[in-house]
Amino acid sequence: MDDRTDDVDWSGLFHASGPAGDTPRHLAALLGDDAEAFVDGYSHLWSETLRREGKAWPATAPTAMLVAELLDNPLLGPDDPSLPDAMLAYLYQIGVAADFGDRAAEIRARVKDRTPELRAWTAEYVSTDADGRARMWRDGTGLGELVLDQAALACFDLVPALLWRTLPHLASERARRRTCAAAAVGSLARHPATSAQRPELLKLLTSMARAADSSHDLATIVIAIGHLDGDTRPWLADPHAGVRACAALAPNLAGDDAADQVLMELARSPQAFGKSFGDLAPPLQLQSKSYQDLLTGRRAS
């Protein structure tokens, strides 16, 4: 990990709290035996390298590539098999941040036209203090948001490589690992470059859904199927409310009478839906606008 982090020029990158020079240390701590450093590193990964709602910072793309490499590292939580699951959850969020679809070319052109300005803005940002950084976000130039668009594009360009790293975990011996991998695949495989892979991926995810032995895992896989424009109608009649909701929220079922009827019924009792997974939090993908739309009785756009 030390060698891989040394390959990145962190001095020109920043995360939520400022310059990203501390990120390599936090990533390395995920493989160490210092419990306190590990907690700090794990917190840094989620709170500093991803913006709220899963958006990217300039430090996010290189971090994501290193996280993908952590998936197969035996030093990652040898006594805690849930840690690779968490890394897959992180890659799911990277897919969300990079979900530009057909808009990528337009955003790339807009960013490219101002590359020298963005480079200068970033250099100033990482060299100033916290007050100076706060002022720069309010400077009225809009360059800060363009820098973040540039960061998201870096994640977008990385998605095919992240998907390649994720796919083997669909065959994990651990059910929860397979489910987290399915969630990540459902997010990452929305990238335009992966369109040829989707039919086979949908066959695999559908087979996984049929074999799922818990409603929580099934719901997560069904949402992944929906993200890839697969057919989630078979689960609209599932006995579990959460699974029905995940099926009905599939984007390609917007306006479908049966799906809308499911959502209308669930919207009458949002608390019952919220409790439908018991002690487990709703699936990864429902921690999003779709979930909030359901709780307020609105159809997700």
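Residues numbered from 1 in each chain as written. Predicted model: local features only at pLDDT ≥ 70, side-chain atom pairs only at ≥ 80, totals over all residues. Heavy atoms only, no water.

Student: Would you mind going over the overall build of the protein with me for this structure?
Tutor: Helix and strand content of the protein: 16 helices and two strands. Counting over 301 residues, the protein shows a buried share of 50%. Relative to all contacts within the protein whose residues are 6 or more apart in sequence, the contacts with residues 24 or more apart total 65%. Surface exposure of the protein reaches about 14,400 Å², of which carbon and sulfur atoms provide 51%. (Helix = DSSP H or I, 4+ residues; strand = E, 2+ residues; numbered from the N terminus. Buried < 20%, exposed > 50% of the residue type's maximum accessible area, 1.4 Å probe, protein only. Contact = heavy atoms within 4.5 Å. Areas by Shrake-Rupley, 256 points an atom, 1.4 Å probe, with all protein chains shown as cover.)

Student: I tried to follow the pattern of salt bridges on my own but got confused; where do I start?
Tutor: Pairs can form between side chains of opposite charge once their charged atoms are near each other. Taken as a whole and assessed by the stated rule, the structure comprises 12 salt bridges. With a shortest N-O distance of 2.8 Å, Arg190 and Asp99 are connected by a salt bridge. Here Asp99 lies in the loop between helix H5 (82-97) and helix H6 (104-112) and Arg190 lies in the loop between helix H10 (175-188) and helix H11 (198-211), a separation of 91 residues in the sequence. Residue class for Asp99 comes out partly exposed when judged on its relative accessible area of 31%. The salt bridge partner of Arg108 is Asp157, with a shortest N-O separation of 2.8 Å. Of the two residues, Arg108 is situated in helix H6 and Asp157 in helix H9 (residues 143-166); the sequence distance between them amounts to 49 residues. With a relative accessible area of 45%, Asp157 lands in the partly exposed category. By sharing partners, the salt bridges in this structure join Asp85, Arg174 and Arg177 into a single network. (Salt bridge = Lys/Arg side-chain N within 4 Å of Asp/Glu carboxyl O.)

Student: Teacher, can you tell me more about the confidence of the model for the protein here?
Tutor: A residue-level look at the protein finds 89% of positions with pLDDT of 70 or above and a mean pLDDT of 89. Element-level mean pLDDT values for the protein span from 52 in helix H16 (residues 289-295) up to 97 in H11. (pLDDT = per-residue confidence, 0-100.)

Student: For this particular structure, what's the right way to read the environment of Trp46?
Tutor: Tracing the sequence through the fold places Trp46 in helix H3 (residues 35-48). Exposure remark for Trp46: the relative accessible area of 27% places this residue in the partly exposed category. Once you skip the residues sitting within four places of it in the chain, Trp46 turns out to touch Ala86, Ala89, Tyr90 and Gln93.

Student: Even after reading the chapter, I still don't get the nonpolar core, so can you show me in this structure?
Tutor: In a soluble, globular protein the nonpolar side chains are often hidden away together inside. Core analysis: the largest hydrophobic core is formed by 91 residues, its most contacted members being Phe14, Met87, Tyr90, Leu162, Leu205 and Trp235. At 13 residues, H9 tops the list of elements feeding residues into this core. Setting aside its immediate chain neighbours within four residues, Phe14 contacts Pro19, Ala20, Trp57, Pro58, Ala59, Trp121, Thr122, Tyr125, Val126, Trp137, Val147 and Leu148. (Core = buried A, V, L, I, M, F, W, Y, C linked by side-chain atoms within 4.5 Å.)

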